2 protein chains.
Amino acid sequence: MQENYGLLRQHFEEIVNLTDAEWEQIAPHFEYRKLKKHQFLIQTDQPVECEFWIISGLVKSYAIDQKGNEHILQFGMEQYWVSDYFAFQHQLPATIFVDCIEDSEFFCLSLESRESICQQIPAIANFYRIKSNNGFINLQQRILSLLTLSAEERYDELLNKLPKLLQRVPKKLIAAYLGVSRETLSRFKN
Amino acid sequence: MQENYGLLRQHFEEIVNLTDAEWEQIAPHFEYRKLKKHQFLIQTDQPVECEFWIISGLVKSYAIDQKGNEHILQFGMEQYWVSDYFAFQHQLPATIFVDCIEDSEFFCLSLESRESICQQIPAIANFYRIKSNNGFINLQQRILSLLTLSAEERYDELLNKLPKLLQRVPKKLIAAYLGVSRETLSRFKN
DNA sequence: CCATAAAAGTGATATACATCACAAAATCTA
DNA sequence: TAGATTTTGTGATGTATATCACTTTTATGG
């Protein structure tokens, strides 16, 4: 377990420097949790108590449309952060699902805890500032992909960007992430 | 001009509190700029020296695809921040355009300045953290719209969310934002 | 290791939306 | 305010992708 906290500290220290004293203040806010494949972190209409840092495993966050089709917002793997951020930030019931594609381990952080350590420790505010900004940039790139590329081009792009992901998740989930039907994706070469 | 700085300070103070002393440190980093309709803030392949806070006016940020079609990433109006954030953050040549739909005024902030005030003044780090997080959430919502809704449903959603925008920009730009052809959008009722 | 479920492939058909072509409004600008 | 430019509307046609139905292949858990 201590090594998991070590991993988390390393994750922060890739972006900002922390003293031991600061880390002592931060670490207790993170609660360990472990789930098996198919178990839910977040379900629609339920409160969203935490954001999650993924120690190990793989999750997906997704919405279900009127027709019952699944649309994937994000795949989360080791070292990623995931939540229903809209609901988390505004403390509203979830509008998306997050569940495990593989057995997974997490650190959970409540909104209250996050705001508290951001107020107390400027380095943490800067960490989240930089992380959020990077996340924002990634989503802008994805929107441009959705607007400018064909389904097949988006698939090729993903193959280049995250080749390992394709080994870990069924293609029908890749299709749900790219915004294309699994049948159409299955007809792409490669 | 002083009142423009006042507006900017108010904008920060909607999210965080600043002392006069802090504001004295912050304000000089912002450089005033004024452009007319059709003039460019950012052009592809050029360095991106600043991010821009819009005092007044309206801009669009967009990419041009291989076929020469324009795809709009963002409309920026009063109080919005805009840049080519990917290029800005990584100090690379721009991959998108930003130009004025109306005569506009801005405050420009360099990356160096932004990082400097975020390091010196924790409230500013928290301001950008919260702003980036909100931006991230908004883009997630837009991705879900692109994945789950039809073109007409996305149009209706935008009509609800930003009814004033429709008064200020030609419909062909709305089409370029929604990811639909202007002809198809013209056939939607309303 | 077997039984059941999940994933993937594939043909036939349907459809949302794009594209092309042209005309009519609306709006800039000299 | 006249001429040019931009924007909008609309019919005809094309196409990328969805949907449906079914089979084959691969994974999974008891």
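Residues numbered from 1 in each chain as written. Chains lettered and ligands numbered in written order. Predicted model: local features only at pLDDT ≥ 70, side-chain atom pairs only at ≥ 80, totals over all residues. Heavy atoms only, no water.

Chain A is annotated in an unreviewed UniProt entry as Crp/Fnr family transcriptional regulator from Croceivirga radicis.

(A) Local environment of the protein's contact with DNA strand C. Taken together, 17 residues are adjacent to DNA strand C, and Lys171, Lys172, Arg182 and Arg187 of chain A together with Thr184 of chain B come closest. Backbone atoms, meaning sugar and phosphate, make up 47% of the atoms of DNA strand C lying within 4 Å of the protein. A distance of 2.7 Å separates a phosphate oxygen of DNA strand C from a polar backbone atom of Lys171 of chain A. In the model, a phosphate oxygen of DNA strand C is placed 2.7 Å from a nitrogen or oxygen of the Lys172 of chain A side chain. Elements that contribute at least two residues to the surface near DNA strand C include exactly helix 8 (171-178) and helix 9 (182-187) of chain A together with helix 9 (182-187) of chain B. In terms of residue count, the dominant contributor to the surface near DNA strand C is helix 9 of chain A (four residues). Here the residues of the surface near DNA strand C sort into three nonpolar, five polar and nine charged. (Near = heavy atom within 4 Å. Polar contact = N/O pair within 3.5 Å; in protein donor to acceptor, adjacent residues only side chain to side chain. Helix = DSSP H or I, 4+ residues; strand = E, 2+ residues; numbered from the N terminus. Nonpolar A, V, L, I, M, F, W, Y, C, P; charged D, E, K, R; others polar.)

(B) Region of interest: the UniProt feature "domain: Cyclic nucleotide-binding" (unreviewed entry) in chain A. The UniProt record annotates "domain: Cyclic nucleotide-binding" (unreviewed entry) at residues 33-120 of chain A. Between the end C-alpha atoms of residues 33-120 of chain A there is a gap of 25 Å, over a span that is 18% helix and 47% strand. (UniProt positions renumbered as here; feature names shortened; annotations may be inferred.)

(C) View of the relation of the copies chain B and chain A. For these two chains of identical sequence, chain B goes onto chain A by a turn of 180 degrees and a shift of 0.0 Å along the axis, with RMSD 0.0 Å. Here the copies are linked by what is in effect a two-fold axis. Closest approach to the rotation axis among the C-alpha atoms of chain B is made by Arg129 of chain B, whose C-alpha sits 1.9 Å away. Both copies present the same face, since 100% of the interface residues in chain B are matched by interface residues at the equivalent positions in chain A. (Least-squares fit on C-alpha atoms with pLDDT ≥ 70 in both. Contact = heavy atoms within 4.5 Å.)

(D) Broad picture of the interface of chain B and chain A. Opposite the 40 residues of chain B that make contact, chain A presents 40 residues. Around 3700 Å² of area is buried between chain B and chain A when both sides are counted, 67% of it from carbon and sulfur atoms. When the buried area of chain B at its contact with chain A is split by residue, Arg129, Ile143 and Leu147 of chain B rank highest and sum to 19% of it. The interface formed by chain B and chain A includes two salt bridges. (Buried area = accessible area lost by both parts, 1.4 Å probe. Salt bridge = Lys/Arg side-chain N within 4 Å of Asp/Glu carboxyl O.)

(E) Fine view of the protein's contact with DNA strand D. Near DNA strand D lie 17 residues; those nearest to it are Thr184 of chain A together with Lys171, Lys172, Arg182 and Arg187 of chain B. In DNA strand D, atoms within 4 Å of the protein come 42% from sugar and phosphate. The separation between a phosphate oxygen of DNA strand D and a polar main-chain atom of Lys171 of chain B is 2.8 Å. The biggest single contributor to the surface near DNA strand D is helix 9 of chain B, with four residues.

(F) Geometry of the pattern of salt bridges. Residues and elements named next belong to chain A. This model, assessed by the stated rule, comprises 20 salt bridges over all chains. Across the salt bridge formed by Lys60 and Asp99, the nearest N and O atoms sit 3.1 Å from each other. In this pair, Lys60 sits in strand 4 (residues 58-64) while Asp99 sits in strand 7 (residues 97-100), placing the two residues 39 residues apart along the sequence. Look at Lys60 and you get buried, because its relative accessible area is 10%. Judged by its relative accessible area of 6%, Asp99 falls in the buried class. For Arg168, the salt bridge identified is with Glu78, shortest N-O distance 3.0 Å. Of the two residues, Arg168 is situated in helix 7 (residues 163-168) and Glu78 in the loop between strand 5 (70-77) and strand 6 (81-82); the sequence distance between them amounts to 90 residues. (Buried < 20%, exposed > 50% of the residue type's maximum accessible area, 1.4 Å probe, protein only.)

(G) Unusual backbone geometry, seen in detail. Even without being a glycine, Asp45 of chain A presents a positive backbone phi close to 75 degrees. Among the residues examined, Asp45 of chain A registers a relative accessible area of 60% and is labelled exposed.

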